[in-house]
Amino acid sequence: MQLRDQVVVLTGAARGIGRAMARRFALEQPRALILADIRIAEAIEAAAETGGEPYEINIADEAEVRDLVAHVTARHGHIDLFCSNAGVLVQGGLEVPEYGWDYCLDHNFRAHLYAAQAVIPAMLNRGRGYLLQTVSAAGLLTSIGAAPYAVSKHAALALAEWIAVTHGAHGIGVSCLCPAFVHTAMVDDIEGPLGGWMKETAISPEEVAEAAVQGLAEERFLILTHPDIATHFQRKAGDYDRWIRGMQRLRTRVSGA
C-alpha cells in the first residue's frame, strides 16, 4: 500500500501517534489526507502542518463515522486507506463500572467496526481498499492493570483478522499497528513502578509512524514497533500456561504489589 496519490482518512490525528502519522503520511504526498479528531482545534493545527483537511468527529458515534465517510467520498470520490487510529485507556480490573468498559469498547473496538461497515462496501465495489487499525501490543498480549483496554484491543484484533480472512481475496488489505509503549500522554501520565517500567522501553510517536508507513508498503498484517513483541507472542502461542505464569510474575514486579 503506497500512500502517494491516495485518499487517506486518519482518525485520532490531533495528538500522539496520530499527529506523528499525519506528518509522516504527508511526506508520501497523498492526494488527500483527512485528519479526523474530536479535538478540532488541534486537528486544524495538524492540517496546517501537513496540508491535510481537518474534520471534527466522535469516532464512538456510528452516525458520525458514516457522515465522515460520506463527506470524504462526496469530496474526493472514494477512500483508498482508512486508518482507525483513535483510542482510549481505562485502567483498572473487574471493578471498573460498566460505563468504563463501554467507553473503552466504543472507542477501541466499535469505532473500528463502524469504519469497516462504512467503507468496505464501496471498497468491494471498486475491488480495492485498505484498512489500518491501531490495535496495540495489548491486543496480542495483554495490558497489566487495564482490563478494559486489553479486552477492547483483543476485540479489535479479532475484527481485523476476520476482515482479512473474509475480504482479502476481494482486494481489501488490512494491517494492524501494534506498538508497545509509546511516549504519549497514555504512557507518560502513568506514575509509580508500572509507569517506570513502561517508560523503560517507550519509543517516540515518530518511530511508530515510520513503522506504519513501512508496514503498509509491505502490506504486513502485523506491524510491530518493538522486536520483543513478536517473541512474546510466539511464546504465548507455544506454551500458554508458561506465558501466563511469566506474566503473573511480571505483574507482581511492576505493580508494586
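It should be noted that the structure appears before, not after, this text.
Residues numbered from 1 in each chain as written. Predicted model: local features only at pLDDT ≥ 70, side-chain atom pairs only at ≥ 80, totals over all residues. Heavy atoms only, no water.

Asker: Could you give an account of the overall build of the protein, with specific residues and numbers?
Answerer: For the protein, the count of helices and strands is ten helices and seven strands. Along the longest, intermediate and shortest principal axes, the C-alpha atoms of the protein span 55 × 40 × 35 Å. The buried share of the protein, taken over its 257 residues, is 51%. Within the protein, counting contacts between residues at least 6 apart in sequence, those at least 24 apart form 67% of the total. For the protein, the computed accessible surface area is about 11900 Å², with 53% contributed by carbon and sulfur atoms. (Helix = DSSP H or I, 4+ residues; strand = E, 2+ residues; numbered from the N terminus. Buried < 20%, exposed > 50% of the residue type's maximum accessible area, 1.4 Å probe, protein only. Contact = heavy atoms within 4.5 Å. Areas by Shrake-Rupley, 256 points an atom, 1.4 Å probe, with all protein chains shown as cover.)

Asker: Run through unusual backbone geometry, naming residues and quoting values.
Answerer: Of note, the phi angle at Ser136 is positive, near 90°, even though the residue is not glycine. Turning to its location among the elements, Ser136 is positioned in the loop between strand E5 (129–134) and helix H5 (147–167). Here Ser136 falls in the buried class, since its relative accessible area comes to 8%. Backbone geometry at Glu219 places phi at a positive 55°, although glycine is not the residue there. Considering the arrangement of structural elements, one finds Glu219 in the loop between helix H8 (205–218) and strand E7 (222–224).

Asker: Tell me about the pairing of strand E2 (residues 32–37), residues and numbers included.
Answerer: In terms of residue burial, E2 counts as a mostly covered element, since six of its six residues are buried. Going residue by residue along E2, you find Ala32, Ile34 and Ala36 tucked away on one face and Leu33, Leu35 and Asp37 tucked away on the opposite face as well. With five bridges joining them, strand E1 (residues 7–11) and E2 adopt parallel strand pairing. Bridge pairing links Val9 to Ile34 in E2. Handedness of the crossover is the feature at issue here: the chain leaves E1, passes through helix H1 (residues 16–27), returns alongside E2, and the resulting connection is right-handed. The handedness of the E2 to strand E3 (residues 53–56) crossover, carried by helix H2 (residues 40–50), is right-handed. (Pairing = 2+ DSSP bridges. Right-handed = clockwise from strand over helix to strand, strands pointing away.)

Asker: Describe the pairing of E5, and please don't skip the residues or the numbers.
Answerer: Extensive coverage of E5 is indicated by the burial of six of its six residues. Where burial is concerned, the two faces of E5 agree: the one with Gly129, Leu131 and Gln133 and the one with Tyr130, Leu132 and Thr134 are both buried. As paired elements, strand E4 (residues 81–84) and E5 share four bridges and run parallel to each other. If you follow Cys83 over to E5, its bridge partner there is Leu132.

Asker: Before we move on, can you summarise the side chain of Lys236 with the specific residues and values?
Answerer: With respect to the element layout, Lys236 can be found in helix H9 (residues 227–238). Once residues within four sequence positions are removed from consideration, Lys236 is found in contact with Leu140, Leu141, His154 and Trp243.

Treat this as a map of the structure, not an account of what it does.
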